Amino acid sequence: MPELTYPLPITFVRVYIADVDRSDEMMSETLNVHKVLGSQVDTCNFSIKLKESWRGTPGGSPTIGQSVQVDVQVGDGGAWETHFGGVIVRCPQRKLSTGRYQYDIQAVDYSYLLSYILVNETYTDMYVNDIAKDIVARWAPNISTSGILASNVMMQSISFARKYPGACLDQLAKMSGYEWYVDEDKVCHFFDPLTASVGTNRVTDTTDNFFDLMIEPQADQVRNRVYVSGGFMVSDVVQETFTD
């Protein structure tokens, strides 16, 4: 039997907390990254157990507000890609035994940084992309505006009365038909979904980039003909006379 060297490596996933690699402390089968489209919040959950002294120096206790990054290796020996970047919002501590602790970490994407400072501003005769850039630059300076695309949608006047920057972007997107999100590199994207380029990570019948996908045919919404029924009662006769 080959000799094992601790900590045992996780060959295809790396998890960083506050830019420190904590992959060797992550507990088995606890990592769950949930990514959704648009401005809906991406989430990442996992648990870590601080190292025992014989395994080396344990990392520090995680705290709310620290950054979380999850990198995944593409293929055997391939490049590393960041699949999640965000901020810890919950990390309850659980005591396992004397001096041994487990932390159940819940993180959300960097759009969380758009909920710190309230916006109180009025914009007049400006394009929606310029308004979005100004909001992010002034009230969330840690977020890059390089993903906010040019727009031909003009706002004659719009006011934000003590709203968080994320809520302001929601309002702008709803009024203009745009979408927005903050990616793993802290870049805010604000764009027209009808003209945006399609991502390369597609899912089709011939791709092999998904699992646990269930397709269930249903017949309850299938129709050969659709009949529209009108009213079944005759109203009273109404006569109106108009004079010059």
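Scroll up to find the structure this text is about.
The text that follows walks through the structure, step by step, so that each part is easy to find.

Definitions and limits used
Residues numbered from 1 in each chain as written. Predicted model: local features only at pLDDT ≥ 70, side-chain atom pairs only at ≥ 80, totals over all residues. Heavy atoms only, no water. Helix = DSSP H or I, 4+ residues; strand = E, 2+ residues; numbered from the N terminus. Buried < 20%, exposed > 50% of the residue type's maximum accessible area, 1.4 Å probe, protein only. Areas by Shrake-Rupley, 256 points an atom, 1.4 Å probe, with all protein chains shown as cover. Expected span 1.5 Å × (residues − 1). Arc of directions from axis to C-beta. Contact = heavy atoms within 4.5 Å. Pairing = 2+ DSSP bridges. Axes fitted to C-alpha atoms, helices over the stretch in contact; angles between N-to-C directions.

### As for the overall build of the protein chain
Secondary structure summary: the protein chain contains 2 helices and 13 strands in total. Here the protein chain, with 244 residues, has 30% of them falling under the buried criterion. Total accessible area on the protein chain is roughly 17100 Å²; 51% of this is exposed by carbon and sulfur atoms.

### As for helix α2 (residues 165-176)
The first and last C-alpha atoms of α2 sit 16 Å apart over 12 residues, in line with the 16 Å expected at 1.5 Å per residue. Among the residues making up α2, those that are buried are Pro165, Gly166, Cys168, Leu169, Leu172, Ala173 and Ser176. For α2, the angular spread of the buried residues around the axis is 155 degrees, confining them to a single face. Where α2 is buried, its residues touch β9 (119-127), α1 (128-139), β11 (154-163), β12 (179-182) and β13 (187-191).

### A word on the environment of Gln106
Topologically, Gln106 is positioned in strand β8 (residues 100-109). C-alpha of Gln106 to C-alpha of Asn32: the two residues are 74 residues apart in sequence and 9.7 Å apart in space. Apart from residues lying up to four places away in sequence, Gln106 is in contact with Cys44, Asn45, Val87, Ile88, Val89 and Arg90.

### Observations regarding the pairing of β8
In terms of burial, β8 is largely enclosed, as 7 of its 10 residues are buried. Of the pairings in the sheet, the one linking strand β7 (residues 93-97) to β8 comprises 4 bridges and is antiparallel in character. Directly across from Gln93, in β8, lies its bridge partner Tyr103. What sits between the antiparallel neighbours β7 and β8 is a turn of 2 residues, in which Gly99 has the positive phi angle 75 degrees.

### So, α1
Its 12 residues place the ends of α1 16 Å apart at the C-alpha level, agreeing with the 16 Å of an ideal helix rising 1.5 Å per residue. Of all the residues in α1, the buried ones are Val128, Asn129, Ile131, Ala132, Ile135, Val136 and Trp139. Looking straight down α1, one finds its buried side chains confined to an arc of 160 degrees; they lie on one side. Its buried side turned inward, α1 meets β9, β10 (144-148), β11, α2 and β13.

### Re the sheet that holds β13
Strand order in the open sheet formed by 3 strands is β10-β13-β12, with mixed pairing between adjacent strands. In this open sheet, the two strands that pair with only one neighbour each are β10 and β12. Shown here is a sheet whose adjacent strand axes are inclined to one another by a mean of 20 degrees, direction ignored. Sheet topology places β10 next to β13; 3 bridges connect them, and they run parallel. Bridge pairing links Ile148 to Phe190 in β13.

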